[in-house]
Amino acid sequence: MILESAILYIKPGLASDFESAFRAASGVLLTKKGYVDHELHKCVENRDEYIFLVRWSGIKDHLLGFRGHPDYKKWSALLEPFYASPPEVKHYIDIRIDSREQADMELVKLLIPGSGTDAEADADADEESASD
């Protein structure tokens, strides 16, 4: 999986129009091979800055599949008039961290009582008995 990020700097005063154009342009992505999902976030500190995140199955799906497709010109034509400067585009790969999975399991246990394993429940019961 590839995460594409683009920092978008929008011309001052055009944020609302840009957001409307972005909604319309988003439909172009939905049918592209390798497209997974996307998000747009507005910067709190700078109202004319956005981060656009797109998940692709692979980097070729973005660089060759999307950018090489005629729909890319439609995408660009809808959004480029709003850019104060060219987007800063980068691609990232996910780094799996075992502790993240462990943290997720711990969170589930906290949020859903009784979601731990029977062995864990037995260990907890043994600890409580020992303290009596």
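Residues numbered from 1 in each chain as written. Predicted model: local features only at pLDDT ≥ 70, side-chain atom pairs only at ≥ 80, totals over all residues. Heavy atoms only, no water.

Per an unreviewed UniProt entry, the recorded name for the protein is Antibiotic biosynthesis monooxygenase, and the organism is Paenibacillus glucanolyticus.

Here we come to the packing of aromatic side chains. Applying the stated criterion to the full structure yields 10 aromatic pairs. Centre to centre, the rings of F66 and Y72 are 5.3 Å apart; their planes meet at 90 degrees, and the pair counts as edge-to-face. On the basis of relative accessible area, Y72 is assigned to the partly exposed category, the value being 24%. An aromatic cluster of three or more residues is present, and its members are F18, F22, Y35, Y50, F52, W56, F66, Y72, W75 and F82. (Phe/Tyr/Trp six-rings, centres within 6.5 Å; stacked < 30°, edge-to-face > 60°. Buried < 20%, exposed > 50% of the residue type's maximum accessible area, 1.4 Å probe, protein only.)

For the rest of this paragraph, the subject is the nonpolar core. With 21 residues, the main nonpolar core has L8, F18, F52, W75 and L79 as its most contacted residues. Counting residues per element, the ones that place at least two in this core are β1 (2–9), α1 (15–29), β3 (49–56) and α3 (71–79). For this core, the element with the highest residue contribution is α1, accounting for 7 residues. Other than its neighbours up to four places away in sequence, W75 contacts F22, A25, S26, V28, L29, F52 and F66. (Core = buried A, V, L, I, M, F, W, Y, C linked by side-chain atoms within 4.5 Å. Helix = DSSP H or I, 4+ residues; strand = E, 2+ residues; numbered from the N terminus. Contact = heavy atoms within 4.5 Å.)

Okay, the pattern of salt bridges next. If you walk through the whole model with that rule in mind, you get 5 salt bridges. With a shortest N-O distance of 3.6 Å, E19 and K42 are connected by a salt bridge. Of this pair, E19 sits in helix α1 while K42 sits in strand β2 (residues 35–42), and the two are 23 residues apart along the sequence. Of the residues examined, E19 reaches a relative accessible area of 22% and is grouped as partly exposed. In this structure, R55 and E39 form a salt bridge, with 3.3 Å as the shortest nitrogen-oxygen distance. In this pair, R55 sits in strand β3 while E39 sits in strand β2, placing the two residues 16 residues apart along the sequence. (Salt bridge = Lys/Arg side-chain N within 4 Å of Asp/Glu carboxyl O.)

Viewed as axis vectors pointing N to C, α1 and α3 meet at an angle of 175 degrees, and their least axial separation amounts to 9 Å. Here α1 lies roughly antiparallel to α3, going by the angle between them. Of α3, the residues touching α1 (which contributes F18, A21, F22, A25, S26, V28 and L29) are D71, K74, W75, L78 and L79. For the contact of α1 with α3, the per-class residue count stands at 9 nonpolar, 1 polar and 2 charged. (Axes fitted to C-alpha atoms, helices over the stretch in contact; angles between N-to-C directions. Parallel < 35°, antiparallel > 145°, perpendicular 65-115°, else oblique. Nonpolar A, V, L, I, M, F, W, Y, C, P; charged D, E, K, R; others polar.)

Of all the residues in helix α2 (residues 59–66), the buried ones are D61, H62 and F66. Seen from one end, α2 has its buried residues packed into an arc of 95 degrees, which puts them on one side. Across α2 from its buried face, at more than 90 degrees, point the exposed residues K60 and L64. Elements in contact with the buried residues of α2: β1, α1, β3, α3 and β4 (88–93). (Arc of directions from axis to C-beta.)

With that settled, consider the environment of K74. Along the chain, the position of K74 falls in helix α3. On the accessibility criterion, K74 (48% relative accessible area) is partly exposed. Considering only alpha carbons, one finds K74 and V28, 46 residues apart in sequence, at a separation of 8.0 Å.

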